[in-house]
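# Summary of structural features
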Amino acid sequence: MSIIVTLEKANKYFDDNSVLRDVNFDIEKGEFLSLVGPSGCGKSTLLRVLLGFEKLDHGKMTIEPNLKKTLVFQNFALFPWLTVFENISFGLKMQGMPKVDIDRKVTDILHELDLHGAQNLHPKELSGGMKQRVGLGRALVMDPDILFLDEPFSAVDAFTARDLRQKLLEIWEKRKITVVMVTHLIEEAIELSDRVIVMSSDKNQDSIVEIYTNKLARPRDNRSKEFFNEVDFLETKIK
Ligand SMILES: Nc1ncnc2c1ncn2[C@@H]1O[C@H](COP(=O)(O)OP(=O)(O)O)[C@@H](O)[C@H]1O
Ligand SMILES: [Mg+2]
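This write-up is about the structure you can find in this document. Nothing here was measured: the structure is a model prediction, and the numbers come from that model. (Residues numbered from 1 in each chain as written. Chains lettered and ligands numbered in written order. Predicted model: local features only at pLDDT ≥ 70, side-chain atom pairs only at ≥ 80, totals over all residues. Heavy atoms only, no water.)

Turning to the overall build of the protein chain, a few remarks are in order. For the protein chain, the helix and strand inventory stands at seven helices and nine strands. Relative to the globule expectation of 18 Å for 239 residues, the C-alpha radius of gyration of the protein chain, 18 Å, shows essentially globular dimensions. When its C-alpha atoms are laid out on the principal axes, the protein chain stretches across 55 × 45 × 35 Å. Looking at the protein chain as a whole, 49% of its 239 residues are labelled buried. Of all intrachain contacts in the protein chain linking residues separated by at least 6 positions in sequence, the fraction that spans at least 24 positions is 70%. A total accessible area of about 12,000 Å² is found for the protein chain, and carbon and sulfur atoms account for 51% of it. Side chains of the protein chain carry 33 positive and 37 negative charges; the gap between the two charge centres is 3 Å. (Helix = DSSP H or I, 4+ residues; strand = E, 2+ residues; numbered from the N terminus. Rg over C-alpha atoms; globule rule 2.2 N^0.38 Å. Buried < 20%, exposed > 50% of the residue type's maximum accessible area, 1.4 Å probe, protein only. Contact = heavy atoms within 4.5 Å. Areas by Shrake-Rupley, 256 points an atom, 1.4 Å probe, with all protein chains shown as cover. Lys, Arg positive; Asp, Glu negative; His and termini not counted. Charge placed at Lys NZ, Arg CZ, Asp CG, Glu CD.)

Here is the structure:
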């Protein structure tokens with residue numbers, strides 16, 4: 001495994017609110033990494049730093065040059081006036097890709113995400129699960145090296161979330177991309193991830209309280225005793 005991103009003593013403040021405190025970790029190429037922790041502990045801020053949308057106040061981020069990074073949002077962030085096809089093709093169009101190439105690429109993505117029957121619909125005509133598939137499609141069409149997701153399944157119902165998790169795993173395995181996902185669900189992190197970074201909002205300690213390596217074999221049975229043992233273990237780290 002090679003390391004593609006390194007954070008060393010990374011600190012980020014908003015005025016006197018120290019949101020990221022001495023954050024140290026690496027991201028390995030091809031891994032599925034999750035960030036968990038209570039609301040307000042800085043998970044989204046950390047993603048924004050990794051994406052290059054926010055600057056650190058102290059410390060250092062080293063990132064492999066020319067890595068392509070895309071983000072999937074919690075609330076889908078689709079363009080309501082565009083169709084599914086147009087939402088997914090938007091980024092490629094902005095890059096000036098020729099129309100035939102866009103059509104071919106988007107058609108592949110529509111099939112990958114089981115959206116081909118919905119390509120001419122607008123977001124308001126879609127279920128939450130379909131909207132998030134479009135969100136995934138819009139990110140994947142850019143062929144990212146790292147796919148960032150910020151609580152991607154928290155705006156859909158539990159059944160839909162289960163399908164989407166399965167889909168995300170399939171995509172990760174097939175495309176061999178690196179995934180960095182924020183979630184507040186420990187079960188979700190353990191079901192999907194190779195490693196889980198546990199964060200705290202306690203200002204008297206470093207932001208990261210644990211970097212957990214998940215040894216459970218894949219595919220994972222989220223009803224097995226071994227699975228719950230891991231969930232219990234991480235729960236104790238958060239308290
Ligand atoms: N642009 C900003 N300006 C000021 N404060 C911010 C900004 N973004 C986030 N914060 C603050 O940083 C803290 C962490 O926020 P966030 O990263 O969104 O946490 P999480 O995603 O873990 O819920 C919160 O206290 C939030 O109010
Ligand atoms: Mg957040």
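The subject of this paragraph is the site of ligand 1. The environment of ligand 1 is formed by Phe14, Asn17, Val19, Pro38, Ser39, Gly40, Cys41, Gly42, Lys43, Ser44 and Thr45. Between ligand 1 and Asn17, the relevant distance is 3.2 Å, taken from an oxygen atom to a side-chain nitrogen or oxygen of the residue. Take Gly42: an N or O atom from its main chain is 3.0 Å from an oxygen atom of ligand 1. For ligand 1, whose accessible area on its own is 560 Å², the fraction buried by protein is 58%. Of all the secondary-structure elements, those providing two or more residues to the shell around ligand 1 are strand E2 (17-28) and helix H1 (43-51). Broken down by element, the residue count for the shell around ligand 1 peaks at three residues, all from H1. Residues of the shell around ligand 1, tallied by class, amount to four nonpolar, six polar and one charged. (Near = heavy atom within 4 Å. Polar contact = N/O pair within 3.5 Å; in protein donor to acceptor, adjacent residues only side chain to side chain. Nonpolar A, V, L, I, M, F, W, Y, C, P; charged D, E, K, R; others polar.)

Our next topic: the sheet that holds strand E4 (residues 58-63). The antiparallel open sheet is built from three strands, whose spatial order is E2-E1-E4. In this open sheet, the two strands that pair with only one neighbour each are E2 and E4. Strand-to-strand twist of the sheet, defined as the mean angle between neighbouring strand axes without regard to direction, takes the value 15°. Note: strand E1 (residues 3-14) against E4, five bridges, orientation antiparallel. Counted as the bridge partner of Leu7 is Met61 from E4. Across the sheet, H1 touches E1, E2 and E4, and the angle it forms with E2 is around 55°. (Pairing = 2+ DSSP bridges. Axes fitted to C-alpha atoms, helices over the stretch in contact; angles between N-to-C directions.)

Moving on: the pattern of salt bridges. Scanning all chains against the criterion turns up 17 salt bridges. Put simply, Lys167 and Asp114 hold a salt bridge, and the shortest N to O gap is 3.4 Å. Taken as a pair, Lys167 in helix H5 (residues 158-175) and Asp114 in the loop between helix H3 (99-112) and helix H4 (128-140) lie far apart in primary sequence, 53 residues in all. In this structure Lys167 comes out as buried when scored by relative accessible area, which is 7%. We note a salt bridge from Asp143 to Arg175, for which the minimum N-O separation is 3.6 Å. In this pair, Asp143 sits in the loop between H4 and strand E6 (146-150) while Arg175 sits in helix H5, placing the two residues 32 residues apart along the sequence. By relative accessible area, Asp143 is classed as partly exposed at 35%. (Salt bridge = Lys/Arg side-chain N within 4 Å of Asp/Glu carboxyl O.)

So, about H3. Given 3.6 residues per turn, any residue in an α-helix points the same way as the ones three and four places further on. Here H3 is 14 residues long and its end C-alpha atoms lie 20 Å apart, about the 20 Å a rise of 1.5 Å per residue gives. Of the residues making up H3, those classed as buried are Ile102, Val106, Ile109, Leu110 and Glu112. One face of H3 carries all of its buried residues, which in axial projection span an arc of 155°. Those residues of H3 hidden inside the fold are in contact with helix H2 (84-94), H4 and H5. (Expected span 1.5 Å × (residues − 1). Arc of directions from axis to C-beta.)

By themselves, these observations are geometric and do not establish any function.
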